[in-house]
Amino acid sequence: MTHLLDLVLEAHGGKERWSKVTAVTAVSRIGGPMWSLHQVPGVLGSHEVTVDFGTQRTVLRDYTEAGLRGIFTPDHVSIVDEDGRTVKERRDPLASFDGFRTDTPWDMLHALYFVGYATWNYLTAPYLLTLPGVRVRDLAPEQPALDPRPGLSGGWRRLGVTFPDDITVHTKNQTFYYDEHGLQRRMDYAPRVTGGIPAVHMIDGHQEFSGLVFPTRRRVFVPDPGGPGLLADPLITLDYSDIHVG
């Protein structure tokens, strides 16, 4: 591990404690214009979510309507009823995004794939960075030019992260930013499923749950197509509460 990753793991509760986690459950509230852009406004609102640590799997309760569950795994997404009967499903869900652009309409299974893998990544971090095949390297500290809150970013330390093909993420190569205490403050990536537009993902609201530290407030911005800087309003808002560690 890099010196910075050591600091990051300690700041978020320690690698040993993270290694004993089997699942994390939280209430997730999703907002922003992203979902109307892709014509899936039904994603908006609150869901109880659970991510498994032994495998890449996310469950969203009351997905699309009360009593239904959305289940994400990298190779299969499904919506099931209270008796476990499949209402809708899609195998090889990533292939269903081929040829999509930023404004291509989605259905609720496309949205489930995106929200499912993103939620898994967010609630397993920073332990995610220690998984087999993940390559992490220290980068020089940087004050990003594109930042909606420049007062928080001066001298942030950075990790360059390359993910293996068997972990579903926004994009293979990402940059993670941390403050002087080792708390994550930002991520940069360009999701394939949203047309590859760069995303500036700001992170704060860190709280401790069962000895582990999770950020509870996430805002995703995109570059302003009319010039330098970012659009003023976030494309996606994401807030977590009631986090339980299993």
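Looking at the nonpolar core
Thinking step 1. Trp-35, Val-43 and Phe-114 are the most contacted members of the largest nonpolar core, which totals 60 residues.
Thinking step 2. Residue contributions to this core peak at twelve residues, all from helix 4 (residues 108-124).
Thinking step 3. Other than its neighbours up to four places away in sequence, Phe-114 contacts Met-34, Trp-35, Trp-106, His-170, Val-193, Thr-194 and Ile-236.

Comments concerning the side chain of Thr-175
Thinking step 1. Tracing the backbone through its elements, the reader meets Thr-175 in strand 9 (residues 173-178).
Thinking step 2. In this structure, Thr-175 is in contact with Leu-139, Arg-158, Leu-159, Arg-186, Met-187 and Asp-188, ignoring residues within four places of it in sequence.

A short note on the confidence of the model for the protein chain
Thinking step 1. Scored by pLDDT, the protein chain has a mean of 91; 93% of the residues are at 70 or more.
Thinking step 2. Ranking the elements of the protein chain by mean pLDDT puts helix 3 (residues 34-37) last with 87 and strand 5 (residues 76-80) first with 98.

Here's the deal with unusual backbone geometry
Thinking step 1. For the bond from Ala-125 to Pro-126, the omega torsion is 5 degrees, close enough to zero to count as cis.
Thinking step 2. On the secondary structure map, Pro-126 appears in the loop between helix 4 and strand 7 (135-142).
Thinking step 3. A positive phi angle, near 55 degrees, is found at Asp-62, a position not held by glycine.
Thinking step 4. Looking at where Asp-62 falls in the secondary structure, it is placed in the loop between strand 3 (57-61) and strand 4 (69-73).
Thinking step 5. Its identity is not glycine, yet Thr-64 carries a phi of approximately 75 degrees, on the positive side.
Thinking step 6. In this structure, Thr-64 sits in the loop between strand 3 and strand 4.
Thinking step 7. According to the relative accessible area criterion, Thr-64 is partly exposed, its value standing at 36%.

Rules used in this analysis
- Throughout, a residue's number is its position along its own chain's written sequence, starting from 1.
- Only residues with pLDDT of 70 or above have their local features reported here, since the model is predicted, and side-chain atom pairs are shown and tallied only from 80 upward, although totals for entire chains, interfaces and linings are computed over all residues.
- Side-chain figures throughout are based on the complete set of non-hydrogen atoms in the structure, without hydrogens or water.
- Throughout, nonpolar core names a set of buried Ala, Val, Leu, Ile, Met, Phe, Trp, Tyr and Cys residues whose side chains join them through atoms within 4.5 Å.
- Note on classification: 1.4 Å probe, protein chains only; a residue is buried when its accessible area is under 20% of the maximum for its type, exposed when over 50%, partly exposed between these limits.
- The secondary structure listing takes helices from DSSP runs of H or I that are at least 4 residues long and strands from runs of E that are at least 2 residues long, numbered from the N terminus.
- Any two residues whose heavy atoms approach within 4.5 Å are treated as being in contact.
- Per-residue confidence from the predictor is given as pLDDT, running between 0 and 100.

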